[in-house]
Amino acid sequence: IARGEFICVFGTSGGGKTSLLNIVGTIDKPTKGDLSICGVRVGPRTPDKTLADLRLHRMGFVFQTFNLLSALTAQENVEMPMILAGRLSRGERAARARSLLERVGLGARLDHLPAQLSGGEQQRVTIARAVANQPRLLLLDEPTGDLDSANSALVLQLLCELHRDGLTLLMVTHDVSLK
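Bear in mind the structure is a predicted one, so any value in this text is a computation, not a measurement.

Counting 30 residues, the largest nonpolar core has V78, L101, V125, L138, L159 and L162 as its most contacted members. For this core, the elements supplying multiple residues, two or more each, are α3 (74-85), α4 (90-103), α5 (119-130), β5 (137-141), α6 (149-164) and β6 (168-173). With residues near it in sequence (within four places) discarded, L138 still touches G60, F61, V62, A130, V131, L159, L162, L167, T168, L169 and L170. Counting 15 residues, the second-largest nonpolar core is a separate cluster that includes V24, I37, L54 and L139.

This is the structure we're talking about:
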């Protein structure tokens, strides 16, 4: 996958799409061969610290299940990867989180907990969180699978905007209509 591409992998349920994404995302290590992600060669013996650094600084993840931290507000969820990266001050993190949430149309929902947000809103918070550390690659596993058609359209529009901004996207789905 070349930098700046938006690649969609289609296939039936159980066809290995999520397994592929887990290997590309270094959640799982390949058992054979090597993989080069964002300039880092990944193999069965790659240290976990190297993989964690790669995931934190160079990749973002958006899954079908939102994986938001239920006790944190939308803004706090978006700030979390920036806290872990340790590059920005508290004020810079807050400003970036607000800006990202405004970009995804949730500027008025900063202080809401995930349970207070619709599924579409939760997925947009997830996208904002995934791009908080300015990754080079965004991995998406069925990002519209649990959304109605209106929210699916909003999420896809946002992904296309991120792609136009130069972000590389790899999305796996069984939904042929996403073509």
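Pairing in this open sheet of four strands is parallel, and the strands run β1-β6-β5-β4 from one edge to the other. The strands lining the two open edges of the sheet, one partner per strand, are β1 (6-10) and β4 (59-63). Averaged over all neighbouring strand pairs, the angle between strand axes comes to 15°, with direction disregarded. The pairing of β1 with β6 spans five bridges and is classified as parallel. What sits directly across from I7, in β6, is L170. Together, β1, β4, β5 and β6 form the strand contacts of helix α1 (residues 17-24), whose direction differs from that of β5 by roughly 155°. Its contacts with the sheet place α5 against β4 and β5, and it is angled at close to 170° to β4.

About the criteria used
- Residues numbered from 1 in each chain as written.
- Predicted model: local features only at pLDDT ≥ 70, side-chain atom pairs only at ≥ 80, totals over all residues.
- Heavy atoms only, no water.
- Core = buried A, V, L, I, M, F, W, Y, C linked by side-chain atoms within 4.5 Å.
- Buried < 20%, exposed > 50% of the residue type's maximum accessible area, 1.4 Å probe, protein only.
- Helix = DSSP H or I, 4+ residues; strand = E, 2+ residues; numbered from the N terminus.
- Contact = heavy atoms within 4.5 Å.
- Pairing = 2+ DSSP bridges.
- Axes fitted to C-alpha atoms, helices over the stretch in contact; angles between N-to-C directions.

In short, shape yes, function no, at least from these values alone.
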